[in-house]
Amino acid sequence: MSDLFGLKRFKRFLLSDVELEQKLLILFLMSSVVFSFCSIIISFVIHLDSTMLLITVVTFLCVPVCFVIAQNMRKPKLAAIITILMAYVFFPVMFFWSGGIHSGMPTWFLMCITLPWILVRGKASIVLEIIGVIIFTATIIISVIHPEFVHPISGEYRVAVDIIQSLYLVGGIISSIYKFQKVSYESQNKKIQDLLEKEERATRAKGEFLNNMSHDIRTPMNAILGFSALAKKELDNKENVKEYLTKIRTSGEYLLALINDVLDMSQMDNDKMELELSKINLLKIFSDIISILEYQIKSKNLEIRTDFSRVKHPWIESDLIKVKKILMNLISNAVKYSKETGGSIYISVIENEKDVNTSDFTIMIRDEGRGISPEFMEKIFLPFERENNTTKSGVMGSGLGLTIAKKCVECLGGTIEAESKLNVGTGFTIKFNAIIFENGESEALSNLETISFDGKRVLVVEDNELNIEIACRLLEELGFKTERAYNGQEAYDAVLNSDEEYYDLIYMDVMMPVLDGYEATKKIRKIENIQKSGVPIIAMTANVFDEDIKKSIECGMNGYITKPLVAEDVIKETKRVLIFN
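To keep things clear, this report deals only with the structure shown in the data block. (Residues numbered from 1 in each chain as written. Predicted model: local features only at pLDDT ≥ 70, side-chain atom pairs only at ≥ 80, totals over all residues. Heavy atoms only, no water.)

Below, the discussion takes up the packing of helix H9 (residues 282-292) against helix H11 (residues 320-336). Interaxial distance between H9 and H11 falls to 10 Å at its minimum, and their mutual angle equals 45 degrees. In this view, H9 runs oblique relative to H11, as classed from their interaxial angle. Here the hand of the crossing between H9 and H11 comes out right-handed. Contacts between H9 and H11 involve Leu 282, Ile 285, Phe 286, Ile 289 and Ile 292 from the first element and Leu 320, Val 323, Lys 324, Leu 327, Met 328 and Ile 331 from the second. When grouped by side-chain class, the residues that make up the contact of H9 with H11 number ten nonpolar, no polar and one charged. (Axes fitted to C-alpha atoms, helices over the stretch in contact; angles between N-to-C directions. Helix = DSSP H or I, 4+ residues; strand = E, 2+ residues; numbered from the N terminus. Parallel < 35°, antiparallel > 145°, perpendicular 65-115°, else oblique. Left-handed = near helix turned anticlockwise from the far one by under 90°. Contact = heavy atoms within 4.5 Å. Nonpolar A, V, L, I, M, F, W, Y, C, P; charged D, E, K, R; others polar.)

Summed over all chains, the structure comprises eleven aromatic pairs. Arranged with centres 5.5 Å apart and planes meeting at 85 degrees, the rings of Tyr 88 and Phe 136 form a pair that is edge-to-face. In this pair, Tyr 88 sits in helix H4 (residues 76-97) while Phe 136 sits in helix H6 (residues 123-145), placing the two residues 48 residues apart along the sequence. Judged by its relative accessible area of 4%, Tyr 88 falls in the buried class. Through pairs of rings, three or more aromatic residues link up here, namely Tyr 88, Phe 95, Phe 96, Phe 109 and Phe 136. Just above the ring of Phe 437 sits the side chain of Lys 279; from NZ or CZ to the centre is 5.1 Å. (Phe/Tyr/Trp six-rings, centres within 6.5 Å; stacked < 30°, edge-to-face > 60°. Buried < 20%, exposed > 50% of the residue type's maximum accessible area, 1.4 Å probe, protein only. Lys NZ or Arg CZ within 6 Å of the ring centre and 35° of its normal.)

For the rest of this paragraph, the subject is the pattern of salt bridges. Counted under the stated rule, the structure contains 17 salt bridges. A salt bridge links Lys 284 to Asp 288, with the nearest nitrogen and oxygen atoms 3.2 Å apart. Here Asp 288 and Lys 284 lie together in helix H9, a separation of four residues that amounts to about one turn. Under the relative-accessibility criterion, Lys 284 is labelled partly exposed at 41%. With relative accessibility at 26%, the residue Asp 288 sits in the partly exposed group. With its nearest N and O atoms 3.7 Å apart, the salt bridge here joins Arg 310 to Asp 307. A relative accessible area of 46% means that Arg 310 is categorised as partly exposed. By relative accessible area, which is 28% here, Asp 307 ends up partly exposed. Among the charged side chains, a salt-bridge network with shared partners connects Glu 465, Glu 469, Arg 473 and Arg 484. (Salt bridge = Lys/Arg side-chain N within 4 Å of Asp/Glu carboxyl O.)

This part covers unusual backbone geometry. Positive phi, normally seen in glycine, also occurs at Asn 423, with a value near 65 degrees. Here Asn 423 is to be found in the loop between strand E6 (415-421) and strand E7 (425-436). Using a relative accessible area of 67% as the deciding quantity, one classes Asn 423 as exposed. Despite not being glycine, Glu 501 shows a phi value in the positive range, around 55 degrees. Relative to the elements of secondary structure, Glu 501 occurs in the loop between helix H17 (488-496) and strand E10 (505-509). We classify Glu 501 as exposed; its relative accessible area is 57%.

Empty space among the atoms can be located by rolling a probe the size of a water molecule over them. All told, the structure shown has four cavities of 30 Å³ or more when counted by the stated rule. Empty space within the second largest cavity amounts to approximately 70 Å³. If you trace the second largest cavity, you find it lined by Val 323, Ile 326, Leu 327, Ile 363, Val 409, Leu 412, Ile 430 and Phe 432. Looking at the lining of the second largest cavity, the elements that each hand over two or more residues are H11 and E7. Per-element accounting of the lining of the second largest cavity gives the leading share, three residues, to H11. Classifying every residue of the lining of the second largest cavity by side-chain character gives eight nonpolar, no polar and no charged. (1 Å grid on protein atoms, 1.4 Å probe; cavity = no way out; pocket = protein on both sides within 12 Å on 5 of 7 lines; lining within 4 Å. Points joined across faces, edges and corners; volume = space filled by probe spheres on them.)

Once that is clear, we can look at the sheet that holds strand E8 (residues 457-461). Read across the sheet, five strands follow the order E9-E8-E10-E11-E12 without closing on themselves; strand pairing throughout is parallel. Whereas interior strands pair on both sides, the edge strands pair on one side only; in this sheet they are strand E9 (481-485) and strand E12 (559-562). The average angle at which neighbouring strand axes cross in this sheet is 20 degrees, direction not considered. Where E8 meets E9, five bridges bridge the pair, whose relative direction is parallel. (Pairing = 2+ DSSP bridges.)

What follows is about the pairing of E12. Alternating positions in E12 separate cleanly, Gly 559 and Ile 561 being buried on one face and Tyr 560 and Thr 562 remaining unburied on the opposite face. Pairing analysis gives four bridges linking strand E11 (residues 537-541) to E12, with the strands arranged parallel. The residue bridging Ile 538 from the neighbouring strand is Gly 559, located in E12.

Listed below in structure tokens is the structure:
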């Protein structure tokens, strides 16, 4: 009884995305079944001719055939054409057998003439309409010229009942179709209106975002250019130059964060997010992020209060990059929007073991900052939204951080909730499930600190002169001997013509002329000499999307570093690659 006569299923079909003509066909067939059944009952009650009753029953039984063709055989247009042709056959027969023009049949003719326009598109509808007009016109003319062909309905009472029932039944079918079309039009119109309003809101938000971005990009750019000019003028004053360089680096890091936010959103909008699961230490990520934000924390005299006492298994299986993005966005926001001086940020993690292998984790991050208005809380996770722009708030940002955090949490299969009170603070709660591990790092990883780069030879492959200069200087400071190649072909030739184990490592740019990094790596891996073909290769790339990282691994690279190069990242990734290769 939960779906009496399949009405719920029929309603779902009418609300589905199938073509309008197919919906109208099924609606017409359903209406025909109902009203034909009513017609049979009425005909039986008023004792119409048994032959006429038989014709009505046969017409009634033909409807399921059209249903099968339309739904099961997936040929709705063929079913519509057969339905119309059947009407062209049965109704003229019924016309002659039920009183001709002195009955309700002309009303049914009117309905039949409208069917091609309602159920069929294109030239077929025109052809069927012409056939219908010819058939029904000829039928009426023949009945007038040869009245003996017409089987009259006996009694004015029966004639009146037949006309009345025809008016109501045809009217019911046409009204059902009209009502559905009207409702469909209004529903479609509302969807279009909602989409337009959504698009307008998105356009306004993007416009505000671009205005904010313009300001937020120009501010650090002015700092970089201004302090670079000052440093050039004051080369002899080491203290000032050191201060200027620190501010230039801070501005550059902020610019990089803005660019990363925009790239992350682009990736999410294109549904390119993929999970890259690995064994990670959740508590160490908190420690690393707090260390990165140490300068901002100290400058605002903030106190970070952590409670990890209820975490039994810090080692879990999750996506390291996404977890870092989530926590970095939330903790950096807590720092940015906290009180100007003083105050605390509270971070806690609770683990609830579900079974031997998995646990539910709840992360809570709360600040004592300015808080968020109730109006803005409704759109806090929407992209490009900021309660106040940089000028008003004094806080720089893209307005994408919380959107990215939410997308990453959902990608991990978790949830994120926010609560806030003006002038009191804001809190975020993240819940997710993860596989847990009893043990921490492997013995190999625990010995990373013992690896030395002194005297190791690295081939740096990069087509940009500035980038290769920076990379070589950085690697040389770490103890490497460096050699250079300016495209993939030069890199391949250098490895092919070198002695065995001459190169300890290759840093390979991905996008280069002549031969790109991917193809160069594939060629190197095909060298017959195993010592040469097995040289570890680390990708240097500005492409930070998951599919780019996956592509570099698939072509034979052993690791990847994103540009711009950061010494800490280079050290960590290089040690990892060398110890496992």
